[in-house]
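Chain residues, written in single-letter form:
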Amino acid sequence: MKNVEIYTGPVCIFCDWAKALLEKKGVPFKEIYIGDDQKKMEEMIKKANGLRTVPQIFIDGQHIGGNDKLQALERKGKLNSILGI
C-alpha cells in the first residue's frame, strides 16, 4: 500500500469526509494538522503548489488535491489503483 498524507485544519468537514473515505477503505494515512503550526502550513502550501485550503492529500508524494478530487477519483473507480489496493 502506498504512503498517504493528508493535511488538515480546524473544524473541517471536508477533512473529515476525506479521512472517512480512506478509513472505510482500510488505508492508513498520516494526518498533518496545520491549525496551530505555521511551518506545517507553509510546507503544505509549497507542496500543493500554492493551494491554501484543507485538506490537501498526497499519495506517495503525488499531489491529489482536496476532498473533492479524492471523492471524484472514487466515483470514477480510479482511487483503488492509485492507492495500490
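See the structure printed just above.
Keep in mind the model is a prediction, meaning the values are calculated, not measured.

(A) Representation of the overall build of the protein within the structure. Each helix and strand in the protein was counted, giving 4 helices and 4 strands. Rg of the C-alpha trace for the protein: 12 Å, near the compact-globule value of 12 Å for 85 residues, within the 12% margin. Each of the three principal axes of the protein carries a C-alpha extent, and together these read 35 × 25 × 20 Å. Put simply, the protein has 85 residues, and 39% of those count as buried. For the protein, the share of sequence-separated contacts (at least 6 apart) that also reach a separation of at least 24 residues comes to 60%.

(B) Region of interest: the nonpolar core. With 13 residues, the main nonpolar core has Val4, Leu22, Ile57, Ile59, Leu70, Leu79 and Leu83 as its most contacted residues. Examining the composition of this core, we find that 3 residues originate from one element, helix α1 (residues 13-24), more than from any other. Those residues in contact with Leu22, other than ones at most four positions away along the chain, are Val4, Val27, Phe29, Leu70 and Leu83. With 7 residues, the next largest nonpolar core counts Tyr7, Ile32, Ile34 and Phe58 among its residues.

(C) View of helix α3 (residues 67-75). Residues Asn67, Leu70, Ala72 and Leu73 constitute the buried set of α3. Those residues of α3 hidden inside the fold are in contact with α1, β3 (56-59), β4 (62-65) and α4 (79-83). Backbone geometry just downstream of α3 places Gly77 in the positive-phi region, at approximately 75°.

Rules behind the numbers
Residues numbered from 1 in each chain as written. Predicted model: local features only at pLDDT ≥ 70, side-chain atom pairs only at ≥ 80, totals over all residues. Heavy atoms only, no water. Helix = DSSP H or I, 4+ residues; strand = E, 2+ residues; numbered from the N terminus. Rg over C-alpha atoms; globule rule 2.2 N^0.38 Å. Buried < 20%, exposed > 50% of the residue type's maximum accessible area, 1.4 Å probe, protein only. Contact = heavy atoms within 4.5 Å. Core = buried A, V, L, I, M, F, W, Y, C linked by side-chain atoms within 4.5 Å.

By themselves these figures say nothing about function.
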